[in-house]
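Given next are the chains, with one letter for each unit.
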Amino acid sequence: MTTQPIHFYQVGSFAVGNRLLDDDGRTVQSDPNRTNSLDSGHRACQGCGEALGARYAIDAAMRASQGRLVAVNATGCLEVFSTPYPETSWRIPWLHSLFGNAPAVATGVAAALKVKGRSDVRVVAQAGDGGTVDIGFGCLSGMFERNDDVLFICYDNEAYMNTGVQRSGATPPAARTATTEAIGSEAGNAFGQGKDLPRIAMAHDIPYVATATVADLHDLEDKVERAMQVHGARYLHILVPCPLGWGSASSDTIRVARLAKETGLFPVFEAVDGKVTGVSPIRHRTPVEEYLSIQGRYAHLFGKHPRTDIIARIQAMADRNITTYGLLAEEPADIDPKGVDV
Amino acid sequence: MERPFAITLDVGSSHANRTGSWRVERPVYVDRLPPCNDACPAGEDIQGWLYQSEPGDYEAAWRLLVEDNPFPAVMGRICYHPCETSCNRVQLDEAVGINAVERFLGDHAIERGWSLPAAGPDSGKRVLVVGAGPAGLSATYHLKRLGHSVSLVDSAPKLGGMMRYGIPAYRLPRAVLDAEIARIVAQGVDVVLDHTVDDIRRERDEGGFDAVFLAVGAQLGRRVDIPAGDSSRILDAVSLLHRVADDDPPMLGRRVVVYGGGDTALDAARTARRLGATDAVIVYRRNRDRMPAHGEELEEALDEGITMRWLSTVNSFEDDRLVLEKMRLDDEGFPQPTGEFEDLGADSLILALGQDTDLSLIDEAPNVVVDDGVVEVLPTMMTGESGIFAGGDAVPSPRTATVAIGHGKRAARSIDAYISGEEPDQPGRHELASFDRLNTWYFSDAPRTKRPELERARRQSTFDEVVEGLNEENALFEARRCLSCGNCFECDNCFGVCPDNAVIKLGPSERYKFDYDFCKGCGICATECPCGAIDMIPERI
Ligand SMILES: Cc1ncc(C[n+]2csc(CCOP(=O)(O)OP(=O)(O)O)c2C)c(N)n1
Ligand code: SF4
Ligand SMILES: [Mg+2]
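Residues numbered from 1 in each chain as written. Chains lettered and ligands numbered in written order. Predicted model: local features only at pLDDT ≥ 70, side-chain atom pairs only at ≥ 80, totals over all residues. Heavy atoms only, no water.

1. Some details on the overall build of chain A
Link 1 in the chain: Helix and strand content of chain A: 11 helices and nine strands.
Link 2 in the chain: Here the C-alpha radius of gyration of chain A, 20 Å, is about what a compact globule of 342 residues would show, namely 20 Å.
Link 3 in the chain: Reported as C-alpha extents along the three principal axes, the dimensions of chain A are approximately 65 × 60 × 40 Å.
Link 4 in the chain: Across the 342 residues of chain A, 58% fall into the buried class.
Link 5 in the chain: Taken as a whole, chain A presents about 13,700 Å² of accessible surface, with 53% of it coming from carbon and sulfur.
Link 6 in the chain: Taking the 32 positively charged and 39 negatively charged side chains of chain A as two groups, their mean positions are separated by 3 Å. (Helix = DSSP H or I, 4+ residues; strand = E, 2+ residues; numbered from the N terminus. Rg over C-alpha atoms; globule rule 2.2 N^0.38 Å. Buried < 20%, exposed > 50% of the residue type's maximum accessible area, 1.4 Å probe, protein only. Areas by Shrake-Rupley, 256 points an atom, 1.4 Å probe, with all protein chains shown as cover. Lys, Arg positive; Asp, Glu negative; His and termini not counted. Charge placed at Lys NZ, Arg CZ, Asp CG, Glu CD.)

Quick look at the structure:
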């Protein structure tokens, strides 16, 4: 009788850890000795996706660089909630300068290390979506163009959260912010505007570009790991829900991020040398309503007079992503390919 | 201290900032009752032993299982597994094949020769157990573990009761049954066979027993009056199965009709087929939906070529001709005669119309109350006479081996309390781990492993076991399909998803704890817990 090897571990590779997996098959986050780069006591709101995403990404980068890492931070929530001087939550060398210049500062740090012959020390720069797609954009594009040896991470919470939820170039259509109010027939943010930074980064032909969400830790860590294996300018764009700005329950942060991916609104992919080389397929295709309706910033689309027309336009955006990136898996994988034989 | 240029304060850690004070709700770890455990008549910790099986620690799994039930290999064959019916995984794809894993563990233990936990330190007390079926044997096992001496009495020449004399070998091979019974006897049981107890009080007093457990089963096949000629061959299903078990099968002829709709009817028909009947027909007065027999068994029977006559009663049996009357169901679902008749050729008729209990042994124990042919018992399994307990088919119950085994366990604990003059403790039950508490995103899609069955031709003619067991790989796969409903299985999700690092990982099998100094009470851990083992409760402010 032929027997099939077992590739199945109850929670497969979806959960953070798994007592049935070997240590090297587990995530950095499942390790009780992980760096905790961003320590407890930070002042992020309850359920902050950005705090979570930053710890996920920087802990993974710490593992990939064997603990030799310098982080440069733009102004924004991540900087403000972590470092009210003289207190800090960062347990790694960390530098803050201005809102708009993080990519340039990181370029400088990388250059200085090179001059000192410290090729073992790696540099990451991190910023919110405002700091990345708007005010820091010029510096970032320059950093890409010069192919400076920096991994730039954007924590995208889709608005200027730290100053009270103002629209950014990454705010999605129809979302209500303090500057795109839910009034009028085209309430919320306008359609047809904004910047798709992962694609702009790809257009620079830099060696590595990827997107990720806080809902898929294995994928996020894999991407940090791969980005760290490469030198030159690399860009990682992580979707980090903001309970306060999005009007979602603090307990739903990961759920919202998961729905962003499962609806197709936030394509999760990776690109090498300007070409898409892999996508995370949708596992349970979900209509956009499910994503929109649990967020207060879209409340004006529901209620007594639901704006089915606007919801349909958002659905069309999701459908377009699904086609553009090929987000529907041919065949759902039955059994986790990461498992090993008995 | 010398400070760098423009630095006036030392760098401090945010650890000084106890964000736990922000909290209005706090997460707490809970253990909820998985629906499988809730449904198990023998009170097994199914989720617990599946959890032990998952890394391949079959011995730990088996040891946990036999805490409640000393018959895993038997259960893995004949239990009707209400656990699977209520398994939460049904709502995802298919139930976990609990029964198959149980059988794998049971067989594995027999192969390895694992023995049951030794008898407890001698209490000096003696208990008489009447009837060595599942209830009696289970009670014996648990009483031995509690340190009591047990005299186990049965009127038959062998131990096992209905497991031996009622369940055909193609469902329960005798070697398996013998092996699991032998392990109980090896605990040091005084076994008395071929002995019929006819006066329970006298038996107890003469033997100087401190308590009695009556587990006499229901061995009398119920008969109905069917006008029949002298030469017509009618017998009841219980006797048929008993004689086959005794290696003394009756001659049934080629055309056998079984009258009844329970599992025993199916057992009788399938046995008749194996004894050479070319036509085995079951006549039942209602339809398939209302048949009390279990679906799986019916499927197997149909597979073996048993045919069904639904909505029919047997009117008379003359020579080799049965007259059936057609029935119809009224609005309440009761069968009503239609006055339409039809003939059916038959060499013998087997009645499978239920069983009665022979309770003559309590004639002289008037406090033991009998109602509707069965013994009335309290929730502790004690009868109206203090010190006399009863269980199994002789008390009001669904009459399955698993229920009987559960009775035996409960009775043993009550007897122990009774003997030592204590109140039997009523262990509290955790709240149910319902499906809506699970976060099923995290579980891999994994359809159930089917157990192979003997090819049809072979099983129609032999008493070889029909359903084969799982091999180790399949059993492991099946165990890992468990969702661990309501009980932490250490997936590290809470530890990973907390934005405030407020979950402390305590190490293998030690689970986690919350660091309430920093937990802000966002509730992500509770939402993302795959198995619903975290509750959010309001903080008292
Ligand atoms: C030059 C400059 N303009 C404005 C500000 C005020 N400011 C501080 S943080 C912030 C918003 C940051 O938004 P984003 O980059 O998206 O990060 P988030 O807070 O959303 O994480 C603004 C406008 C500033 N610090 N510097
Ligand atoms: S995820 Fe962390 S902060 Fe949120 S409730 Fe759980 S332990 Fe507390
Ligand atoms: Mg932002």
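Continuing now.
2. Points about the sheet that holds strand 14 (residues 335-345) of chain B
All names here are of chain B.
Link 1 in the chain: Read across the sheet, three strands follow the order 12-13-14 without closing on themselves; strand pairing throughout is antiparallel. The outermost strands of the open sheet, each flanked by one partner alone, are strand 12 (312-318) and strand 14. Neighbour-to-neighbour, the strand axes of this sheet turn through a mean angle of 25 degrees, independent of strand direction.
Link 2 in the chain: Bridging between strand 12 and strand 13 (residues 321-329) involves six bridges; their strand directions are antiparallel. When the sheet's bridge partners are listed, S312 is paired in strand 13 with K326. (Pairing = 2+ DSSP bridges. Axes fitted to C-alpha atoms, helices over the stretch in contact; angles between N-to-C directions.)

3. Re the site of ligand 1
Residues and elements named next belong to chain A.
Link 1 in the chain: Near ligand 1, the surroundings consist of 16 residues, among which E50, C77, G130, G131 and M161 are the closest.
Link 2 in the chain: It is helix 4 (residues 129-134) that provides the largest number of residues to the shell around ligand 1, a total of three residues.
Link 3 in the chain: Residue classes in the shell around ligand 1 are distributed as six nonpolar, eight polar and two charged. (Near = heavy atom within 4 Å. Nonpolar A, V, L, I, M, F, W, Y, C, P; charged D, E, K, R; others polar.)

4. A look at the coordination of the magnesium ion (ligand 3)
Residues and elements named next belong to chain A.
Link 1 in the chain: Note on the magnesium ion (ligand 3): its protein donors are D129 (OD), N157 (OD1) and A159 (O). The metal-donor distances range over 2.0 to 2.1 Å.
Link 2 in the chain: Mapped onto the polypeptide sequence, the residues donating to the magnesium ion (ligand 3) form the spacing pattern D-x27-N-x1-A. Pair noted here: D129 is in helix 4 and N157 is in the loop between strand 5 (151-156) and helix 6 (197-203), with a separation of 28 residues, a long-range link.
Link 3 in the chain: Take D129: its relative accessible area is 1%, and that puts it in the buried class.
Link 4 in the chain: The exposure class of N157 is buried, given its relative accessible area of 5%. (Donors = N, O, S within 2.8 Å, 3.2 Å for Na, K, Ca; no water.)

5. Some points on helix 6 (residues 98-112) of chain B
Note on helix geometry: an α-helix contains 3.6 residues per turn, so any two residues three or four positions apart are oriented the same way.
Residue and element names in this part refer to chain B.
Link 1 in the chain: The terminal C-alpha atoms of helix 6 lie 21 Å apart, and with 15 residues this matches the ideal 21 Å at 1.5 Å per residue to within 8%.
Link 2 in the chain: In terms of burial, helix 6 is largely enclosed, as 12 of its 15 residues are buried.
Link 3 in the chain: Turning to helix 6, its buried residues number three or more, namely I98, N99, A100, V101, E102, R103, F104, L105, G106, D107, H108 and A109.
Link 4 in the chain: G113 occupies a position one or two residues after helix 6 and carries a positive phi of about 70 degrees. (Expected span 1.5 Å × (residues − 1).)

6. Looking at the packing of aromatic side chains
Link 1 in the chain: For the structure on display, the rule yields 15 aromatic pairs over all chains.
Link 2 in the chain: Ring geometry for B:W62 against B:W114: centres 5.8 Å apart, planes inclined by 50 degrees, an arrangement best described as tilted. Of the two residues, B:W62 is situated in helix 3 (residues 58-66) and B:W114 in the loop between helix 6 and strand 3 (126-130); the sequence distance between them amounts to 52 residues.
Link 3 in the chain: A residue is classified by how much of its surface remains accessible, and B:W114, at 14% relative accessible area, is buried.
Link 4 in the chain: Taken together through their ring pairs, the aromatic side chains of B:Y29, B:Y512, B:F514 and B:Y516 make up a single cluster.
Link 5 in the chain: Across the ring face of B:F495, the terminal group of A:R34 is positioned such that the distance to the ring centre comes to 4.1 Å.
Link 6 in the chain: One Lys or Arg, B:R26, reaches over the ring of B:Y516 and ends 4.1 Å from the middle of that ring. (Phe/Tyr/Trp six-rings, centres within 6.5 Å; stacked < 30°, edge-to-face > 60°. Lys NZ or Arg CZ within 6 Å of the ring centre and 35° of its normal.)

7. Focus: the domain arrangement of chain B
Interface size is commonly expressed as the accessible area that is lost once the parts come together.
Link 1 in the chain: In terms of domains, chain B is made up of domain 1 (20-31 + 488-538), domain 2 (40-114 + 438-454 + 468-479), domain 3 (126-219 + 357-420) and domain 4 (224-354).
Link 2 in the chain: A separation of 34 Å is found between the C-alpha centroids of domain 2 of chain B and domain 4 of chain B. (Domains from an automatic or database assignment.)

8. Overview of the site of ligand 2
Link 1 in the chain: Around ligand 2 sit B:P27, B:C498, B:D500, B:V503, B:F514, B:C519, B:K520, B:G521, B:C522, B:G523 and B:C525, and those are all the residues in its vicinity.
Link 2 in the chain: In terms of residue class, the shell around ligand 2 is built from seven nonpolar, two polar and two charged.

9. Observations regarding the interface of chain B and chain A
Link 1 in the chain: Across the boundary between the two partners, chain B contributes 53 residues, which contact 59 residues of chain A.
Link 2 in the chain: The largest contributions to the chain B side of the interface with chain A come from B:W441, B:R480 and B:N501, which together make up 17% of the buried area.
Link 3 in the chain: A:R19 is paired through a salt bridge with B:E54; the nearest N and O atoms lie 2.8 Å apart.
Link 4 in the chain: Joining chain B to chain A, the criterion identifies 32 residue pairs in polar contact (both at pLDDT 80 or more).
Link 5 in the chain: Secondary structure elements with two or more residues in the side of chain B that touches chain A: strand 1 (12-13), helix 16 (472-480), helix 17 (493-497) and helix 18 (524-528) of chain B.
Link 6 in the chain: Here the element with the most residues in the side of chain B that touches chain A is helix 16 of chain B; it accounts for five residues.
Link 7 in the chain: Looking at the side of chain B that touches chain A residue by residue, the classes come out as 23 nonpolar, 16 polar and 14 charged.
Link 8 in the chain: Of the strand pairs in this sheet, strand 2 (residues 87-88) of chain A and strand 1 of chain B are connected by two bridges, and their pairing is parallel. In the sheet register, A:T88 faces strand 1 of chain B, and the bridge partner there is B:S13. (Contact = heavy atoms within 4.5 Å. Buried area = accessible area lost by both parts, 1.4 Å probe. Salt bridge = Lys/Arg side-chain N within 4 Å of Asp/Glu carboxyl O. Polar contact = N/O pair within 3.5 Å; in protein donor to acceptor, adjacent residues only side chain to side chain.)

10. Here's the deal with the confidence of the model for chain B
Link 1 in the chain: Summarising the model, chain B shows a mean pLDDT of 94, and 99% of its residues fall at 70 or more.
Link 2 in the chain: For this predicted complex, the interface confidence score (ipTM) comes to 0.94, while the overall pTM stands at 0.90. (pLDDT = per-residue confidence, 0-100.)

11. Side note on the packing of helix 7 (residues 134-145) of chain B against helix 14 (residues 401-419) of chain B
All names here are of chain B.
Link 1 in the chain: Viewed as axis vectors pointing N to C, helix 7 and helix 14 meet at an angle of 35 degrees, and their least axial separation amounts to 7 Å. The interaxial crossing formed by helix 7 with helix 14 has right-handed handedness. Residue-level contacts link P134, A135, S138, A139, H142 and L143 of helix 7 to A401, A404, I405, G408, K409, A412 and I415 of helix 14. (Left-handed = near helix turned anticlockwise from the far one by under 90°.)

12. Some points on helix 12 (residues 263-274) of chain B
Residues and elements named next belong to chain B.
Link 1 in the chain: If you check helix 12, its first and last C-alpha atoms are 17 Å apart, about what 12 residues at 1.5 Å a residue would give, namely 16 Å.
Link 2 in the chain: Summarising burial for helix 12: 11 of the 12 residues are buried, a large majority.
Link 3 in the chain: Taken together, the buried positions of helix 12 are D263, A265, L266, D267, A268, A269, R270, T271, A272, R273 and R274.
Link 4 in the chain: Buried positions along helix 12 lie against helix 11 (237-245), strand 9 (255-259), strand 10 (279-283), helix 13 (295-303), strand 15 (348-351) and helix 15 (456-461).
Link 5 in the chain: At the C-terminal side of helix 12, G276 shows a positive phi close to 115 degrees.

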